[in-house]
Amino acid sequence: MTMNPGPAPHSVTSTGTPSVSLDLGGRTALVTGAAGGIGRACALRLAAAGAKVRAVDRDAAGLDELVGQARGLGLAGVVEPFVLDLTDLDAAEDAAAGADVLVNNAGLQLVRPIEEFPPDVFHTVLTVMLEAPFRLVRGALPQMYAKGWGRIVNLSSVHGLRASPFKSAYVAAKHGLEGLSKTAALEGAAHGVTSNCVNPGYVRTPLVEKQIADQAAAHGIPEERVLTEVLLKDSALKRLIEPEEVAEAVAYLCTPQASFVTGASLVLDGGWTAH
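Residues numbered from 1 in each chain as written. Predicted model: local features only at pLDDT ≥ 70, side-chain atom pairs only at ≥ 80, totals over all residues. Heavy atoms only, no water.

### Focus on the nonpolar core
If you look at the biggest cluster of nonpolar residues, it comprises 37 residues, and the most contacted ones within it are Leu46, Val53 and Val103. The set of elements that each furnish at least two residues to this core consists of β1 (28-32), α1 (37-48), β2 (52-57), α2 (60-73), β4 (101-104), β5 (150-155) and α9 (243-253). The greatest single-element share of this core, amounting to 7 residues, is contributed by α1. Leave out the neighbours within four places in its chain, and Leu46 touches Leu22, Leu24, Ala29, Val31, Ala51, Val53, Val101 and Val103. Counting 29 residues, the second largest nonpolar core, distinct from the first, contains Val56, Leu86, Leu102 and Ala184. (Core = buried A, V, L, I, M, F, W, Y, C linked by side-chain atoms within 4.5 Å. Buried < 20%, exposed > 50% of the residue type's maximum accessible area, 1.4 Å probe, protein only. Helix = DSSP H or I, 4+ residues; strand = E, 2+ residues; numbered from the N terminus. Contact = heavy atoms within 4.5 Å.)

Right, here's the structure in full:
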């Protein structure tokens, strides 16, 4: 189904036109889940700032599209595809070596009551969304420490701060990611490394699109009512956030002006957690 509850802000474009002043020339950034959605927007944004972006995803075709899009935009930096399944934890740790900026974004979702939630899917969600970020941070930190500079940005969620029914694995993973991020902030502070979470509400991405049917079944309502009655029910702003808006928040956390921001959770939820 097509979701279009409202227009995007005029300052955000489909090509991710930057508004935050950021220079990452000479820096290497790694973005997971980069083939689409938030990850793609972050990869393009960091490349626009001059970074060499290591775009990690298991979707080789999606990465090829991303690289073509980056070339077509004539960005200051480059996007290099890196095909990787994050359930290969040793490979994930190795892939992070040399990254100055690490954006842990990859995720997956299944909406089911706990008693019906497949244990193997729960395990996979926790592996990709919590254990893999730990291994990526572990792989990136030694050289960040050696350089005296690093930026870790973990794409959490409002579900890292609040729970919703039928999302046990996702909520558990995001809550764990919040703790991991804060621990990395405390350990990295003396080495010039910051670690923060960005916590969007519902973003206009394939991940959200795909859960419409599951939400309808779980709540016993038609699909066309899911957006207004479930996803955006508690949001003061009745629209989805755009991936480019999230990418700008990620960019801000990499700026010199954000050097004192660490161990924080930057909430972009349209007022959902204000209740």
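### What to know about the packing of aromatic side chains
What characterises a pair of aromatic rings is the spacing of the ring centres plus the angle enclosed by the ring planes. With the rule as written, the count across this model stands at 1 aromatic pair. Ring geometry for Phe117 and Phe122: centres 6.1 Å apart, planes at 85°, overall edge-to-face. Among the residues examined, Phe122 registers a relative accessible area of 34% and is labelled partly exposed. Above the ring of Trp149, the side-chain terminus of Arg27 is found at 3.9 Å from the ring centroid. (Phe/Tyr/Trp six-rings, centres within 6.5 Å; stacked < 30°, edge-to-face > 60°. Lys NZ or Arg CZ within 6 Å of the ring centre and 35° of its normal.)

### Focus on the sheet that holds β5
Taken in spatial order, the 7 strands line up as β3-β2-β1-β4-β5-β6-β7 in an open sheet, and their pairing is parallel. The two strands at the open ends of the sheet, each matched to only one other strand, are β3 (78-83) and β7 (265-268). The sheet shows a mean angle of 20° between the axes of neighbouring strands, direction not considered. With 5 bridges joining them, β1 and β2 adopt parallel strand pairing. Of the residues in β2, the one forming a bridge with Val31 is Ala55. Packing against the sheet, α2 makes contact with β2 and β3, and its axis sits at approximately 175° to β3. Helix-sheet contacts for helix α4 (residues 119-147) involve β1, β4, β5 and β6 (193-200), and the interaxial angle to β4 is about 170°. (Pairing = 2+ DSSP bridges. Axes fitted to C-alpha atoms, helices over the stretch in contact; angles between N-to-C directions.)

### Some thoughts on the environment of Val158
As for its placement among the helices and strands, Val158 is situated in the loop between β5 and α5 (168-188). Sequence-wise, Val158 and Gly37 are 121 residues apart; in three dimensions their C-alpha atoms are separated by 17 Å. Among all residues touching Val158, those that are not within four sequence positions of it are Asn199, Pro200, Gly201, Asp269, Trp272 and Thr273.

### Notes on α9
Across the 11 residues of α9, 10 count as buried, placing the element largely inside the fold. For α9, every residue scored as buried is listed here: Pro243, Glu244, Glu245, Val246, Ala247, Glu248, Ala249, Val250, Ala251 and Leu253. Buried residues along α9 sit in contact with α1, β4, β5, β6 and β7.

### Thoughts on the side chain of Lys167
Relative to the helices and strands, Lys167 resides in the loop between β5 and α5. When its relative accessible area of 1% is taken as the criterion, Lys167 is described as buried.

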